[in-house]
Amino acid sequence: MMTVFREIKKHPQNFIILFILFIGISVLLFIFRFDSHSQRRIVYFTAGLYLAWSLFHHYKRGDLSLSIFIEYLLLALLALLVVVATL
Amino acid sequence: MGRFLSRLFIPQESNNHRALILQPSFLGLFIAIYLLNQSLLQSLTIARPGILGYSSEITADKVWTLTNQERQLQNLPILQYSSVLSESAAAKAKNMFSENYWAHSSPSGKVPWDFFREAGYQYSVAGENLAKDFYDTESLIKAWMNSPTHRANIINDKYQEIGIGVINGVLNGMKTTLVVQHFGTPLDGRVLASTPPSSTVNTVQNFGPVSSIKPINPALISKTLGSIMFLIIIGVLIVDSYITLKNRTSRLTGSSAGHIGFLLIILALLIFSRQGTIF
């Protein structure tokens, strides 16, 4: 966990943006907790934002590469698959 | 075997200082395993319809009682139980099973009002609430009350009567219980107080042959498999971060903090998601 905190300390503004996004998304998911259609749409939107954030974060860090983007893409894809199958 | 497991979970020189599980090839493998699981479940719905599905203990009388309890909380008069509207609600549920759809309008173009008319119910105002895959009536009513449009039907002061259809059947190869609420006020304004559904008689009907064997819940299988995958990835991300810090390794990888945050949100959604869908 220390590396995670060190990483956050290095680029606080990037993680503040991500933190605000995640809080907003959690609130939306809670509001629509009985509406799986809306929850699904929120997760599609979250996956899109997560990918956009990854581009922004790694571009700012100067280490944006295809392999890094694929890592984010695969995690987002796995999350979407599980949510679509479950909700 | 031990060495392979160590490479799988722990960053070291032999795995280019990144646990194999976190590398794109293994993330792709997770996706492939999940897709295989979904394909197997889908094949089962085709090969053995009714094996997978959702069991339910919902009855029409409980739906009627709890709907009226919600109205009484709003100081509204209770809805009289209408056997004609119940006929129309049951016909709608059976139509969804026979035409294999889940919506207010059928693929053949039938709209809710067609079922009201076919049952012989002339209305001045009318409405429809749908639900499927719920286990108990309490969570079903809660879901409707938390959706603005469904809630508006339940606490609409223009409605005077209600009909409820609770039908078991097989939809898209899965055993389920469809619940249909039809609300209305007769055009002539004459509300006939019909006998309410009784808890002593069976208020649940079957559409087609429905086995009495409890079905296997497919969403639970998908949810469990997904949660296990996310827990493994989150755990390995934490171990990976710790060892990388300890060894002061510099690598080109995605942000562990970002990944953990994203996966935790999805995991929380999976854990707290409820069974059942409303429309």
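Before any of the text, the structure's been laid out above.
Residues numbered from 1 in each chain as written. Chains lettered and ligands numbered in written order. Predicted model: local features only at pLDDT ≥ 70, side-chain atom pairs only at ≥ 80, totals over all residues. Heavy atoms only, no water.

S.K.: Whenever I open this one, the pattern of salt bridges confuses me. Can you help?
M.R.: Pairing between side chains of opposite charge can happen when the charged atoms of each approach one another. Under the counting rule described, the total for this entry stands at 7 salt bridges over all chains. Of the charged contacts in the structure, one is a salt bridge between B:K110 and B:E118, with a shortest N-O distance of 3.1 Å. Residue B:D114 pairs with B:R117 through a salt bridge whose shortest N-O separation is 3.3 Å. Within this pair, B:D114 and its partner B:R117 are both found in helix 5 (residues 112-118), separated by 3 residues, close to a single helical turn. Three or more residues joined by partner-sharing salt bridges are found here, namely A:E71, B:R18 and B:D240. (Salt bridge = Lys/Arg side-chain N within 4 Å of Asp/Glu carboxyl O. Helix = DSSP H or I, 4+ residues; strand = E, 2+ residues; numbered from the N terminus.)

S.K.: Sorry, what's going on with the packing of helix 2 (residues 12-31) of chain A against helix 3 (residues 36-61) of chain A here?
M.R.: How two helices pack is summed up by the angle between their axes together with the distance between the axes. Residues and elements named next belong to chain A. Running from amino to carboxyl end, helix 2 crosses helix 3 at an angle of 180°, the nearest separation of the two axes being 11 Å. Compared by their axis directions, helix 2 and helix 3 come out roughly antiparallel. Within the contact between the two elements, helix 2 uses N14, F15, I17, L18, L21, I25, L28 and L29 and helix 3 uses Q39, I42, V43, T46, L49, W53, F56, H57 and K60. The residue inventory of the contact of helix 2 with helix 3, partitioned by class, reads 12 nonpolar, 4 polar and 1 charged. (Axes fitted to C-alpha atoms, helices over the stretch in contact; angles between N-to-C directions. Parallel < 35°, antiparallel > 145°, perpendicular 65-115°, else oblique. Contact = heavy atoms within 4.5 Å. Nonpolar A, V, L, I, M, F, W, Y, C, P; charged D, E, K, R; others polar.)

S.K.: Looking at this structure, how should I read the interface of chain B and chain A?
M.R.: Where interface size is given, it is often the accessible area lost as the parts come together that is meant. Taken together, the contacts link 46 residues of chain B with 43 residues of chain A. Summing the contributions of chain B and of chain A, the shared interface buries around 3800 Å²; its carbon and sulfur component is 77%. By the criterion of area lost to chain A, the three top residues of chain B are B:F262, B:I265 and B:L269, representing 17% of everything that side buries. Connecting chain B to chain A are 1 salt bridge. Taken together, chain B and chain A are joined by 5 residue pairs in polar contact (both at pLDDT 80 or more). For the side of chain B that touches chain A, the elements supplying multiple residues, two or more each, are helix 2 (24-47), helix 6 (137-145), helix 8 (218-247), helix 9 (256-272) and strand 6 (277-278) of chain B. Broken down by element, the residue count for the side of chain B that touches chain A peaks at 12 residues, all from helix 9 of chain B. (Buried area = accessible area lost by both parts, 1.4 Å probe. Polar contact = N/O pair within 3.5 Å; in protein donor to acceptor, adjacent residues only side chain to side chain.)

S.K.: Would you explain helix 9 of chain B in this entry?
M.R.: Because each turn of an α-helix spans 3.6 residues, side chains separated by three or four positions end up pointing in the same direction. The end-to-end C-alpha distance of helix 9 of chain B is 24 Å, a good match for the 24 Å that 17 residues give at a rise of 1.5 Å each. In terms of burial, helix 9 of chain B is largely enclosed, as 13 of its 17 residues are buried. (Expected span 1.5 Å × (residues − 1). Buried < 20%, exposed > 50% of the residue type's maximum accessible area, 1.4 Å probe, protein only.)

S.K.: Honestly, a nonpolar patch on the surface in this entry has me stumped. Any pointers?
M.R.: Residues A:I16, A:F19, A:I20, A:I23, A:V27, A:L28, A:I31 and A:F32 make up a contiguous nonpolar surface patch of roughly 740 Å² in combined accessible area. Structurally, the position occupied by A:L28 is in helix 2. (Patch = residues over 30% accessible without salt bridge, like charges linked within 9 Å, V, L, I, M, F, W, Y side chains within 5 Å. Areas by Shrake-Rupley, 256 points an atom, 1.4 Å probe, with all protein chains shown as cover.)

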